[in-house]
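An overview of the molecular structure
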Amino acid sequence: MYRNQYDTDVTTYSPAGRLHQVEYAMEAVKQGSAAVGLRSDEIVVLASLKRRTNELASYQQKVFKIDEHCGIAVSGLIADARVLRKYMINECLNHKFVYDTPAQVGRVVLKLSDKSQVYTQKSEKRPYGVGLLVAGYDKTGPHLYQTVPSGNYFEYIAQGKQQRQRPIVCDCNNIQQCPSRSVCFVVDINC
């Protein structure tokens, strides 16, 4: 189960200065399915791979709507993604209730990354094994962010989470027209 004596706890550093639990969470993201996000001057598009393991199993949803102006595509452990999705929904609702405006996407991503980073410092819970592509549109324009289990986040114009380090090559002809100043979700890409 454990690879060495330094990976039993998230707060135990190896002699090389590494936190193995965080590296295992990053490996879970690499083993996850493919997700793609694209941003232009007016719209943001999120897409995820829709695949069944066999005929008796159904696929797991990997693109989620957070608010009217925000959504996520996940790669990694779906159970962890659902926890973070619920947290983001609550943050958006709280902001809308208090300030009567939609939450800025960058602020929601910052709070999400802070929550992820806390679990790399405390031993009460393991790090989240999920990477998110967060897309949204606010008063400053469209945004596309990537979050990782270590708590880092980055803003991109286009980003793809690769499946097992293979390049993503898809026929994306089924992307429909998106209204300007919006977030579009595409979930049936067959690769």
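Residues numbered from 1 in each chain as written. Predicted model: local features only at pLDDT ≥ 70, side-chain atom pairs only at ≥ 80, totals over all residues. Heavy atoms only, no water.

Observations regarding the pattern of salt bridges
- Inspection of the entire model under this criterion finds 4 salt bridges.
- Residue Asp 67 is joined to Lys 96 by a salt bridge in which the shortest nitrogen-to-oxygen separation is 3.4 Å. Of the two residues, Asp 67 is situated in strand E3 (residues 63-67) and Lys 96 in helix H2 (residues 78-99); the sequence distance between them amounts to 29 residues.
- A residue is classified by how much of its surface remains accessible, and Asp 67, at 12% relative accessible area, is buried.
- Of the residues examined, Lys 96 reaches a relative accessible area of 33% and is grouped as partly exposed. (Salt bridge = Lys/Arg side-chain N within 4 Å of Asp/Glu carboxyl O. Helix = DSSP H or I, 4+ residues; strand = E, 2+ residues; numbered from the N terminus. Buried < 20%, exposed > 50% of the residue type's maximum accessible area, 1.4 Å probe, protein only.)

Focus: the side chain of Lys 62
- Along the chain, Lys 62 falls in the loop between strand E2 (43-49) and E3.
- Lys 62 has contacts with Ser 33, Ser 48, Leu 49, Ile 72, Ala 73, Val 74 and Ile 78, leaving out every residue within four places of it along the chain. (Contact = heavy atoms within 4.5 Å.)

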